[in-house]
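# Summary of the model geometry
Here's the letter readout for the chains.
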Amino acid sequence: MAISLKESIIVGFSDFWSRKVRSLVTIMGIVLGTMSIIVVLALMKGINAQTLAWMMERGGLSKISVYENWNYDNPLNLRDYFTWRELELIRSLVPEAKYFNPQEREWVKFAYEGKEYRSAVYGVLPDFKYIEEWDADQGRFISEFDVSQSNDVVVIGTEIKNELFGSKDPIGEFITVHIRRLQVIGVMKHRFMKNSGPVGNENGLAYMNRRAFVPLSTMIHKGTGEDNIGSFVVKAQDAESAPALREKLESIILNLRQGKPVFRVESAQEEAEQMAKNQRTFQVIFFVISIISLLVGGIVIANIMLATIQERTREIGIRITVGARRIDIFIQFLVQTIVVTIIGGILGIIVGLSLLDLVSKFIDIKLIAGPEMIIIALAVSAGIGLLSGLIPAVIASKMDPVKALRYE
Amino acid sequence: MAELIKVKALKKEYKMGKITVPALNGVDITINEGEFVAIMGPSGSGKSTLMHILGCLDTPTAGFYSLENEEVSNMKKSKLAAIRNKQIGFVFQTFNLLPHMNVQKNVELPLMYGGYSKRKRSRMAKKVLSEVGLSERLKHKPSELSGGQRQRVAIARAIVNDPAIILADEPTGNLDTNSGNDILGIFSELHAQGHTIIIVTHDSYVAKRADKVINIVDGLIQEIEETQKTDATAGN
């Protein structure tokens, strides 16, 4: 009996087509809104992927770091470093930890044949290379034997190697670290990750290439001569068990320091979660802004539909005269609005997707497209069409045919 | 002949602010199947209101109206839409075609709301358009046609559903004499084929074609004259 949905859609399309210029201007708001939804969603996805990649580069999500809490002013003057014995105790209390590496850092001068370079040297154990997933590229890393013998050896980062040796092979050479001559046994693998931030070095991991590593025992016995270790790093079996292990470590350490937060215990997994949470706030804000711009587009469409219905009063009268029911008129105009917004949505998706590369170049974050974005964008634009078409469609369907036919 | 339209004590009032303006003050009419009736009267007499009510575009304030033995005065709007679609064909002074649709689509419009298939619509529209002599103009827009041709499209649209009554409101009012005569000729032909036709007009020349002329003044029927049956094809 009634006009079918298919019929309404065809009528909607032909109405759209017979008023091309106006229709295109009408849907600009929807095109821009949908476009920004696509860009925002792709940006979110890109940022998430990048954060995860960065966390992985830093040793993965199962890493837990313990270091001095700079925010605690330590009124009781509790020891803000660990002794070797304390570390052995901690290690024995967390047998579930896969790797364990205490480290002590000193700022020193490196010297070789008249060249000098100031940077940090770390006293570490062999587990370091598993925790950081970072090994020597040339030569070898520190071994258990080096630690037990407190050998006078050093492994240097690529930046130190470049500064002191240039293109010369450093393996086997002796360099002066602070006041002690150490033999270079290895050069760490060069670390690089494209920096996406607006400021800073192009290499987001450049700071790692400026480091050098010696056996922890060498540093304690032959360097500072003090049994104080500022920090240590633990690796859990996997990322999932990291938060539990972090909690356990935190309570052990609090027990060692009278319950005071002298140290911070941080898990990469939780850090990543926190970062994701922080980013989500921004993502929601961006998304809401896109939706608002779409709503503005919807209001424009509602307004134009009202004008269109006014113009087409006579047509509505004619349709009612030849037998259109209210519901037929209502559906015709509602579907027409939805057709308009969906066309706008599709154009917006096309424009948005084609903009991704350009935006990537501008902000240096790779934007990642996904099928779910297209579905979200289409659903939102159809929803806006439904909302903005409702009132005009009701007005059209309530017209008095006698008055409508007389309308000039 | 069977009674097609029966109207008793029909009243229609319009509210304009606080004032109530009567348009019809108790009208009684009976129209039989196959009759050609003219409703005449000066402007403001209520003849258009009567036509709108007979055409189910408007509902009376009071009174009784039955069409094909079915009371329509108390029908729901959706039911009235179906009656307009199936049982009534309208022809207006200003043609009232949809300007952006071609001739064939305009004629198909009632069939679309009647739920006919696309193929059936096309066949039925082409058939009635050939009856009014417009087979060559199917894809033309109304603006590309003369006034007389447009009115023929409107007539085709009115009869495409084979309605019980054809209601025409000053159908020659916007046409020159020749085209007007053409259109009146078509009505006479339709009448000869057995259609029931009601023409609202103030032109006595037009009214002469009818079997019966209902004169209406100030919302009341003043007189009903039965004219002498003329030859249906007699023009000019």
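Residues numbered from 1 in each chain as written. Chains lettered and ligands numbered in written order. Predicted model: local features only at pLDDT ≥ 70, side-chain atom pairs only at ≥ 80, totals over all residues. Heavy atoms only, no water.

## Here we look at the overall build of chain B
Secondary structure assignment for chain B yields seven helices and ten strands. In terms of overall dimensions, chain B has C-alpha extents of about 50 × 40 × 40 Å along its principal axes. Residues counted as buried form 55% of the 236 residues belonging to chain B. Here the analysis covers contacts within chain B between residues at least 6 apart in sequence; of these, 69% occur between residues at least 24 apart. When the accessible area of chain B is evaluated, it comes to approximately 10600 Å², of which 48% is carbon and sulfur surface. Looking at charge distribution, chain B has the averaged site of its 30 positive side-chain charges lying 11 Å from that of its 26 negative ones. (Helix = DSSP H or I, 4+ residues; strand = E, 2+ residues; numbered from the N terminus. Buried < 20%, exposed > 50% of the residue type's maximum accessible area, 1.4 Å probe, protein only. Contact = heavy atoms within 4.5 Å. Areas by Shrake-Rupley, 256 points an atom, 1.4 Å probe, with all protein chains shown as cover. Lys, Arg positive; Asp, Glu negative; His and termini not counted. Charge placed at Lys NZ, Arg CZ, Asp CG, Glu CD.)

## Brief notes about the interface of chain A and chain B
Between chain A and chain B, the residue contacts involve 22 residues of the former and 26 residues of the latter. Carbon and sulfur atoms make up 61% of the area that chain A and chain B hide from each other, which totals about 2200 Å². At the boundary of chain A and chain B, one finds zero salt bridges. At the surface where chain A touches chain B, the tally comes to five residue pairs in polar contact (both at pLDDT 80 or more). Among the secondary structure elements, those contributing two or more residues to the side of chain A that touches chain B are helix H1 (5-18), helix H11 (313-321), helix H12 (326-363) and helix H14 (401-406) of chain A. Here the side of chain A that touches chain B takes six residues from H11 of chain A, the largest share from any one element. Grouping the constituent residues of the side of chain A that touches chain B by class yields ten nonpolar, three polar and nine charged. (Buried area = accessible area lost by both parts, 1.4 Å probe. Salt bridge = Lys/Arg side-chain N within 4 Å of Asp/Glu carboxyl O. Polar contact = N/O pair within 3.5 Å; in protein donor to acceptor, adjacent residues only side chain to side chain. Nonpolar A, V, L, I, M, F, W, Y, C, P; charged D, E, K, R; others polar.)

## A few points about the domain arrangement of chain A
All names here are of chain A. If you check the domain split of chain A, you get domain 1 (5-55 + 275-406) and domain 2 (61-268). With eight residues of domain 1 at the contact, the number on the domain 2 side is seven residues. Between domain 1 and domain 2, roughly 580 Å² of surface is buried when both sides are summed, and carbon and sulfur atoms account for 62% of that area. In terms of surface lost to domain 2, no three residues of domain 1 exceed Trp 54, Met 55 and Asp 364, which account for 67% of the buried area on that side. Linking domain 1 with domain 2 are zero salt bridges, by the criterion used here. For the pair domain 1 and domain 2, the interface holds zero residue pairs in polar contact (both at pLDDT 80 or more). (Domains from an automatic or database assignment.)

## Focus: the packing of H1 of chain A against H12 of chain A
All names here are of chain A. In contact at an axis separation of 8 Å, H1 and H12 are set at 60 degrees when each is read in the N-to-C sense. The angle between H1 and H12 places the two elements in the oblique class. Note on packing geometry: the crossing formed by H1 with H12 is right-handed. Between H1, through Leu 5, Ser 8, Ile 9, Val 11, Gly 12, Phe 13, Asp 15 and Phe 16, and H12, the contact on the second element is made entirely by Ile 331, Gln 332, Val 335, Gln 336, Val 339, Val 340 and Ile 343. Classifying every residue of the contact of H1 with H12 gives ten nonpolar, four polar and one charged. (Axes fitted to C-alpha atoms, helices over the stretch in contact; angles between N-to-C directions. Parallel < 35°, antiparallel > 145°, perpendicular 65-115°, else oblique. Left-handed = near helix turned anticlockwise from the far one by under 90°.)

## Regarding the sheet that holds strand S3 (residues 36-40) of chain B
All names here are of chain B. Pairing within the open sheet is mixed, and its six strands lie in the order S6-S7-S8-S3-S9-S10. In this open sheet, the two edge strands, each paired with only one partner strand, are strand S6 (88-91) and strand S10 (220-226). In this sheet, adjacent strand axes meet at a mean angle of 20 degrees when their direction is disregarded. As paired strands, strand S9 (residues 212-217) and S10 are joined by six bridges and run antiparallel to one another. Considered in S10, the bridge of Val 213 is made with Glu 225. Sitting on the sheet, helix H1 (residues 47-54) touches S3, S6, strand S7 (165-169), strand S8 (196-201) and S9, and the angle it makes with S7 is about 150 degrees. Against the sheet, helix H5 (residues 147-159) contacts S6 and S7, and its axis sits at roughly 170 degrees relative to S6. (Pairing = 2+ DSSP bridges.)

## Re the nonpolar core
Counting 79 residues, the largest nonpolar core has Ile 5, Leu 50, Leu 54, Tyr 65 and Ile 198 of chain B as its most contacted members. A per-element tally of this core places helix H2 (residues 20-57) of chain A first, with eleven residues. Counting 42 residues, the second-largest nonpolar core is a separate cluster that includes Ile 185, Met 188, Phe 213 and Phe 263 of chain A. (Core = buried A, V, L, I, M, F, W, Y, C linked by side-chain atoms within 4.5 Å.)

## Side note on a positive patch on the surface
Judged by side-chain charge, Lys 6 of chain A together with Lys 105, Lys 118, Lys 126 and Lys 139 of chain B come together as a positively charged surface patch. Along the polypeptide, Lys 105 of chain B turns up in helix H3 (residues 103-114). (Patch = residues over 30% accessible without salt bridge, like charges linked within 9 Å, V, L, I, M, F, W, Y side chains within 5 Å.)

## Here's the deal with the pattern of salt bridges
This model, assessed by the stated rule, comprises 23 salt bridges over all chains. The residue Asp 127 of chain A makes a salt bridge to Arg 91 of chain A at a minimum N-O spacing of 3.9 Å. Of this pair, Asp 127 of chain A sits in the loop between strand S3 (115-124) and helix H4 (128-131) while Arg 91 of chain A sits in helix H3 (residues 84-93); the two residues are 36 residues apart in sequence, bridging distant segments of the chain. Accessibility expressed as a relative area gives 16% for Asp 127 of chain A, which makes it buried. A salt bridge links Lys 12 of chain B to Asp 58 of chain B, with the nearest nitrogen and oxygen atoms 3.3 Å apart. Residue Lys 12 of chain B is located in strand S1 (residues 3-16), and its partner Asp 58 of chain B is located in the loop between H1 and strand S4 (62-67); the two are separated by 46 residues in the primary sequence.

## Details of H1 of chain A
Here H1 of chain A spans 20 Å end to end across 14 residues, near enough to the 20 Å set by a 1.5 Å rise per residue. Within the span of H1 of chain A, buried status applies to Glu 7, Ser 8, Val 11, Gly 12, Asp 15 and Phe 16 of chain A. Contacts made by the buried residues of H1 of chain A are with H2, H11 and H12 of chain A together with H3 and helix H4 (118-131) of chain B. (Expected span 1.5 Å × (residues − 1).)

## A look at H3 of chain A
All names here are of chain A. Within H3, burial applies to Glu 86, Leu 87 and Ile 90. For H3, the angular spread of buried residues about the axis comes to 100 degrees, placing them on one side. Structurally, H3 contributes buried residues whose contacts are with strand S2 (99-112), strand S9 (231-235) and helix H9 (242-256). (Arc of directions from axis to C-beta.)

## Section: the environment of Pro 102 of chain A
Tracing the chain through its elements places Pro 102 of chain A in strand S2. The contacts of Pro 102 of chain A, once residues within four sequence positions are left out, are Trp 84, Leu 87, Gly 123, Val 124, Leu 125, Leu 216, Ile 229, Ser 231 and Phe 232 of chain A.

## Thoughts on the packing of aromatic side chains
The geometry of an aromatic ring pair is captured by two quantities: the separation of the ring centres and the angle between the planes. All names here are of chain A. Applying the stated rule across the entire model yields twelve aromatic pairs over all chains. Each ring, one from Phe 128 and one from Trp 134, has its centre 6.3 Å from the other, and the planes form 45 degrees; the classification is tilted. Residues Phe 128 and Trp 134 agree in their burial class; the two are buried. Between Phe 128 and Phe 141 the ring centres are 5.6 Å apart and the planes differ by 15 degrees, which places this aromatic pair in the stacked class. Remark: Phe 141 occurs in the loop between strand S4 (136-139) and helix H5 (144-149) and Phe 128 occurs in helix H4; sequence separation between them is 13 residues. (Phe/Tyr/Trp six-rings, centres within 6.5 Å; stacked < 30°, edge-to-face > 60°.)

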